[in-house]
Amino acid sequence: MTRLLVSRIGQAAIVLLLAFTASFLLLQALPGDAILIKYQNPEMGLTPEQIAEIRVLYGADAPIWVQYGNTLWNFLQGSFGYSVQAGVPVNPLLATNLPPTLRLASLGLVVAVIIAGALAFAATLAPFAWLRNLLQSLPALMISVPVFWLGIMLIQIFSFRLRLVPIINPSEFQALILPVVTLSLPIAAPLAQILIRSLDEVQTQPFVSVARAKGASRAWVLWRHVLRNALLPVLTIAGVLFGELLAGAVVTETVFGINGLGRITEQAVSNQDTAVLQAIVILAAVGFVLINLLVDLVAPLIDPRLNTPIGASA
Amino acid sequence: MSNALLEVRNLSVDFHTARGTVHAVKNVSWSVNRGETLAILGESGSGKSVSASAVMNILDMPPAHIVGGEIFYDGQDLLKVSYETHRALNGKKIAMIFQDPLSHLNPVYTVGWQIVEMMTAHGRPADMARARALELIKRVGIADAEAALHKYPHQFSGGQRQRLMIAMALMLKPDILIADEPTTALDVTIQADVLALLKELQAETGMGLVLITHDLGVVAEIADRVVVMSKGEIVEAGTPRDIYHNAQHPYTRQLIGAAPGKGTIKLLDADAPLLLETRKLCKTYGEFTALKDVSLSLHRGQSLAVVGESGSGKSTLARSILRLEAADSGEALWKGRNLLTMNARDLLGMRREIQMVFQDPTQSLNPRMSVYQLISEGWDIHRLMPDKAKRQARVAELLEQVGLAPEYAARYPHQFSGGQRQRIAIARALALEPELIICDEAVSALDVSIQAQVIALLDDLRARLGISFLFIAHDLGVVRDFADTVVVMKAGEIVERGPTAQIFDAPRHPYTQRLLAANLDPDPDMQAQRRLAGAPA
């Protein structure tokens, strides 16, 4: 176990360094930068000399490898630099915007899991074949719906038409309902799809016949024998879907006007605010690494065969 | 026989598939009494398991559909009782064990949990179940019962898993035990132990035993009565002795005739030139010794059998010779040249001369390739026969040689039966005109009647084309029919070698003696004699 952890942490460090380097190079390769975008604005009336001075102030005139080294060194010390656009350090910017996004994303994930589970069970247990087929085709539909459209439609229907969820001065809970649903549906769809397929597959396994021959009830067989075996592929996919969750948060926050990481990402992209983008990339990479580490640690708890070192069964 | 413990009457089951309705069983009737063993004998696809699955209510419906019939247990028709009533009988009154206990045990729960489940699923308290489980695990011969409770299925050997499955089935002291191919996946010595255990337990509890099998030897060893099934119907019923000596139905006669181990034993042509020789081959995987100083020689036209149980290293031997696996030390000389140090180009040439046929043709034939592509691929690899017309003619010729129609060339593997697939694999091996064919359990996955045909085909190829065979097998009957020389392996070492007649008639090493004693004879009288002879030892 400790060996696994040590090697995974080593891998994580390499992944983070690669993510940092790749995003740094890509952001540098873009034409123009945040300083030009902000200060070249004719309304400011700055001369090229003055702009050049500002560039020196931000350290933007240094050779690229010096900038790379400086930025990396600052990141390692936990300092993510300055946002040119907002004129503030990135750290407090993240500190205020991270919690709403975390709350949105985690609620979205929980709701997605609940929807996926309910849908998969309904699709497996429904009494009629046509109903099962209908339910099984739902996830494909849910995947095809774009998040921004879904968000707008939900506001239209539930807030404007039905007036079920107020959008003016909502309570904290009310403000979360629609964004969470918007975010969770596209995540729930692939989860449900995998779970349906995996439940189907496990139900044909020989040990399920054995459980039935033992005289175990249907619910017993499904709950104890089928579900646990069917969870593993779902867990793996859930790790991968973390990226989907982030991308969804960007759109959802923009549509619903929530201040969060997604919102500042969107702004930073349009202003080419390199320092902010760099910080967000690293944050996302850390999130990915942690989620997948968690998945790897939980998987052997579900399937003990994963604990066996390779070759021991020969 | 209305006082039978369990009686199946005129049962008919259809399977509705995309390609139409299949009558899986038609008007099948059988019964079993207390303390009696009924064998249901049949080959794959005969429907031998279907009626038992109907008894247990574990047929998947759809696609299965019970068309008619009755299943009587304790005065009630199990096909008419409610799901709940049937469920309450399962495990408690009628229990079942299966082939290949690895896939039939849930991989994510401990063995203890699954054995205890037999009682908790019926609402019995867990601590009582645990005590009973410990008692039964000891009874079926697992050494450390307490530790076994906490282990997972993959941590046991095949034989141990089957014992645990038997323990599980007996938890609620059922009246009837249905065993579906309980020993098919096991080595012969383990098979003998498991069958003996079943007999003992039956004597203790007086339960009725229904044993589903394809193996005449198992029938001869354990059954009181037997029904023979073919294509969904019972074609013959009686005592094993009656059936063996006075079979009426042509199918039964064919089945008995195909049983291996009854032919004349071949003699070795000692003057033939040496083809392959291994010297002190060694191979270890970590702690595990797969090969230890294995030396053998094979002459042109010879069929050398390597016999041993699982884990004896016989497949590793074949793979090391072909360099599909790197041996740790030793030599393998092919016509005097060491295969193990050969450079890549020479190795390619050698690979043409030595071909391999694997155990499972379903896995060894690429499902996306047509028969023509499968057979001709070797010519692409070795840049032979560029002319397409010639290739097509040769593929047709090869197909005929292995007893298949030339027009099958355009078909894909899934369109063939298991036996036909193995013929395709043999045609593929023959395409490169090899001098040696290594058969790794090449007939063990096949039904006996198909097995006999494939063995006859290989024998014919040997006689006509002078091909030598390295024949790896665990089935002694097949080996006796096919090989002229036998090498017996145990734990990576050769423990005995000699002409086939000598190994079978006068085995010297205790392990060989044990193997032969455990091998079941399809003739009930012979098997009874062997049992008596083997009993004191």
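Cut-offs used in this document
Residues numbered from 1 in each chain as written. Chains lettered and ligands numbered in written order. Predicted model: local features only at pLDDT ≥ 70, side-chain atom pairs only at ≥ 80, totals over all residues. Heavy atoms only, no water. UniProt positions renumbered as here; feature names shortened; annotations may be inferred. Helix = DSSP H or I, 4+ residues; strand = E, 2+ residues; numbered from the N terminus. Buried < 20%, exposed > 50% of the residue type's maximum accessible area, 1.4 Å probe, protein only. Contact = heavy atoms within 4.5 Å. Lys, Arg positive; Asp, Glu negative; His and termini not counted. Charge placed at Lys NZ, Arg CZ, Asp CG, Glu CD. Pairing = 2+ DSSP bridges. Axes fitted to C-alpha atoms, helices over the stretch in contact; angles between N-to-C directions. Domains from an automatic or database assignment. Buried area = accessible area lost by both parts, 1.4 Å probe. Salt bridge = Lys/Arg side-chain N within 4 Å of Asp/Glu carboxyl O. Polar contact = N/O pair within 3.5 Å; in protein donor to acceptor, adjacent residues only side chain to side chain. Nonpolar A, V, L, I, M, F, W, Y, C, P; charged D, E, K, R; others polar. Patch = residues over 30% accessible without salt bridge, like charges linked within 9 Å, V, L, I, M, F, W, Y side chains within 5 Å. Areas by Shrake-Rupley, 256 points an atom, 1.4 Å probe, with all protein chains shown as cover. Phe/Tyr/Trp six-rings, centres within 6.5 Å; stacked < 30°, edge-to-face > 60°. Lys NZ or Arg CZ within 6 Å of the ring centre and 35° of its normal.

The name an unreviewed UniProt entry gives chain B is ABC transporter ATP-binding protein, with Devosia psychrophila as the organism. In its Sequence similarities (unreviewed entry) section, the UniProt entry covering chain B states "Belongs to the ABC transporter superfamily."

An unreviewed UniProt entry lists chain A under the name Peptide ABC transporter permease, from Devosia psychrophila. UniProt's Subcellular location (unreviewed entry) comment on chain A is quoted here verbatim: "Cell membrane". Recorded under Sequence similarities (unreviewed entry), the UniProt text for chain A is reproduced unchanged: "Belongs to the binding-protein-dependent transport system permease family."

Chemist: Hey, could you run me through the overall build of chain A in this one?
Modeler: Counting its secondary structure elements, chain A contains 13 helices and two strands. In terms of principal-axis extent, the alpha carbons of chain A reach across some 85 × 60 × 30 Å. Sorting the 314 residues of chain A into buried and exposed places 37% on the buried side. When contacts within chain A are restricted to residue pairs at least 6 apart in sequence, those whose partners lie at least 24 apart make up 72%. Charge-centre separation for chain A: the mean point of 16 positive side chains lies 22 Å from the mean point of 14 negative side chains.

Chemist: Any chance you could explain the sheet that holds strand β20 (residues 493–499) of chain B here in plain terms?
Modeler: The strands making up a sheet associate through hydrogen bonds between their backbones, and the pairing can be parallel or antiparallel. All names here are of chain B. Ordered by their spatial adjacency, six strands build an open sheet running β16-β17-β18-β13-β19-β20, and the pairing between neighbours is mixed. The open sheet is flanked by β16 (354–357) and β20, the only strands paired with a single partner. Sheet twist, expressed as the mean angle between neighbouring strand axes with direction ignored, is 15 degrees. Here strand β13 (residues 303–307) pairs with strand β19 (residues 485–490) via four bridges, running parallel.

Chemist: I'm lost on helix α9 (residues 206–213) of chain A in this one. Help?
Modeler: The α-helix advances 3.6 residues per turn, and as a result positions three or four apart in sequence lie on the same side. Inspection of α9(A) places Phe207(A), Val208(A), Val210(A), Ala211(A) and Ala213(A) among the buried residues, and these make up the whole buried set. One or two steps after α9(A), the chain reaches Gly215(A), where phi turns positive at roughly 95 degrees.

Chemist: Would you explain the domain arrangement of chain B in this entry?
Modeler: Often, the extent of an interface is quoted as the loss of accessible area upon association of its parts. Residue and element names in this part refer to chain B. Each domain of chain B was delimited in the assignment, giving domain 1 (6–258) and domain 2 (274–366 + 434–521). Computed from C-alpha atoms alone, the centre-to-centre distance between domain 1 and domain 2 is 34 Å. The partner domain 2 presents 12 residues to the 17 residues of domain 1 that form the contact. The largest per-residue losses of area from domain 1 upon contact with domain 2 belong to Asp-187, Val-188 and Thr-189, which jointly make up 39% of the total buried on that side. Our enumeration of links across domain 1 and domain 2 arrives at zero salt bridges. At the junction of domain 1 with domain 2, the criterion picks out four residue pairs in polar contact (both at pLDDT 80 or more). For the side of domain 1 that touches domain 2, the secondary-structure elements that each account for two or more residues are α8 (188–205), α9 (216–222) and α11 (250–258). When residues of the side of domain 1 that touches domain 2 are assigned to their parent elements, the largest contribution, six residues, is made by α8. When its residues are assigned to classes, the side of domain 1 that touches domain 2 shows eight nonpolar, six polar and three charged.

Chemist: Mind showing me how you'd approach the interface of chain A and chain B here?
Modeler: On the chain B side, the residues contacting the 21 residues of chain A number 29 residues. For the pair chain A and chain B, the summed buried surface comes to about 2,400 Å²; carbon and sulfur atoms form 59% of the total. Considering only the surface of chain A that becomes buried against chain B, Arg212(A), Ala213(A) and Lys214(A) emerge as the three largest contributors, covering 27% of it. Joining chain A to chain B, the criterion identifies one salt bridge. Linking chain A with chain B are 13 residue pairs in polar contact (both at pLDDT 80 or more), by the criterion used here.

Chemist: Help me out: how do you make sense of the UniProt feature "transmembrane region" (unreviewed entry) in chain A in this one?
Modeler: With numbering matched to this structure, UniProt assigns "transmembrane region" (unreviewed entry) to residues 104–131, 138–161, 173–196, 230–251 and 275–295 of chain A. Structurally, residues 104–131 of chain A comprises 89% helix and 0% strand, and the distance from its first C-alpha atom to its last is 32 Å.

Chemist: What am I meant to see in the UniProt feature "domain: ABC transmembrane type-1" (unreviewed entry) in chain A here?
Modeler: As recorded in UniProt, the sites labelled "domain: ABC transmembrane type-1" (unreviewed entry) are residues 98–299 of chain A. Between the C-alpha atoms that bound residues 98–299 of chain A the distance is 28 Å, and the span itself is 86% helix and 0% strand.

Chemist: Even after reading the chapter, I still don't get the pairing of strand β14 (residues 329–334) of chain B, so can you show me in this structure?
Modeler: Remark: a regular strand shows side chains that alternate across the two faces of the sheet. Residues and elements named next belong to chain B. Relative to β14, strand β11 (residues 274–285) is paired through five bridges, and the arrangement is antiparallel. Looking across to β14, one finds that Leu-276 is bridged to Trp-334. Taken together, the two bridges between β14 and strand β15 (residues 337–338) define a ladder with antiparallel strand orientation. Opposite Leu-333, over in β15, you have Asn-338 as the bridge partner. Hairpin connection, β14 to β15: the antiparallel pair is bridged by two residues, and Lys-335 has positive phi, about 50 degrees.

Chemist: What exactly am I supposed to notice about the environment of Arg428(B) here?
Modeler: Residues and elements named next belong to chain B. As for its placement among the helices and strands, Arg-428 is situated in helix α17 (residues 418–430). Put simply, Arg-428 and Val-395 are 33 residues apart on the chain and 9.0 Å apart in space, counted from C-alpha to C-alpha. Apart from residues no more than four positions distant in its own chain, Arg-428 is found in contact with Gln-355, Ser-364, Leu-365, Leu-374 and Ile-375.

Chemist: Would you mind showing me how to read a nonpolar patch on the surface here?
Modeler: Residue and element names in this part refer to chain A. A surface patch of nonpolar side chains, amounting to about 380 Å² of accessible area, comprises Phe-148, Trp-149, Ile-152 and Val-251. Residue contributions to the nonpolar patch peak at three residues, all from helix α7 (residues 147–161). Tracing the backbone through its elements, the reader meets Phe-148 in helix α7. For Phe-148, a relative accessible area of 47% corresponds to the partly exposed category.

Chemist: Would you mind going over the environment of Asp505(B) with me for this structure?
Modeler: Tracing the chain through its elements places Asp505(B) in helix α20 (residues 500–505). For the pair Asp505(B) and Leu516(B), spaced 11 residues apart in the sequence, the C-alpha separation amounts to 9.6 Å.

Chemist: Is there a simple way to explain the packing of aromatic side chains in this structure?
Modeler: For any pair of aromatic rings, the description consists of the separation of the ring centres together with the inter-plane angle of the planes. In the structure shown here, the tally under the stated rule is 11 aromatic pairs over all chains. A centroid spacing of 6.2 Å and a plane angle of 20 degrees characterise the contact between Phe20(A) and Phe24(A), whose relative ring orientation is stacked. Of this pair, Phe20(A) and Phe24(A) both sit in helix α1 (residues 2–29), four residues apart, which is roughly one turn of that helix. Through pairs of rings, three or more aromatic residues link up here, namely Phe20(A), Phe24(A), Tyr68(A), Phe75(A) and Phe80(A). The positively charged end of Arg224(A) is found above the aromatic ring belonging to Trp220(A), 3.9 Å away from the centroid. Positioned above the aromatic ring of Phe156(B) is the side chain of Lys151(B), whose terminal nitrogen or guanidinium carbon lies 5.2 Å from the ring centre.

Chemist: How should I be thinking about the pattern of salt bridges in this particular structure?
Modeler: One side chain can pair with another of opposite charge once the charged atoms of both are near each other. Residue and element names in this part refer to chain B. Summed over the entire model, instances satisfying the criterion amount to 31 salt bridges over all chains. Residue Arg-300 pairs with Glu-435 through a salt bridge whose shortest N-O separation is 3.2 Å. Of this pair, Arg-300 sits in the loop between β12 (288–299) and β13 while Glu-435 sits in the loop between α17 and β17 (436–440), placing them 135 residues apart in sequence. Given the relative accessible area of 18%, Glu-435 is considered buried. A salt bridge links Glu-433 to Arg-394; the nearest nitrogen and oxygen atoms lie 3.8 Å apart.

Chemist: Could you clarify how one ought to interpret the side chain of Asn229(A) in this entry?
Modeler: Relative to the helices and strands, Asn229(A) is located in helix α10 (residues 218–240). Setting aside its immediate chain neighbours within four residues, Asn229(A) contacts Val202(A), Phe207(A), Asn106(B), Pro107(B) and Val108(B).

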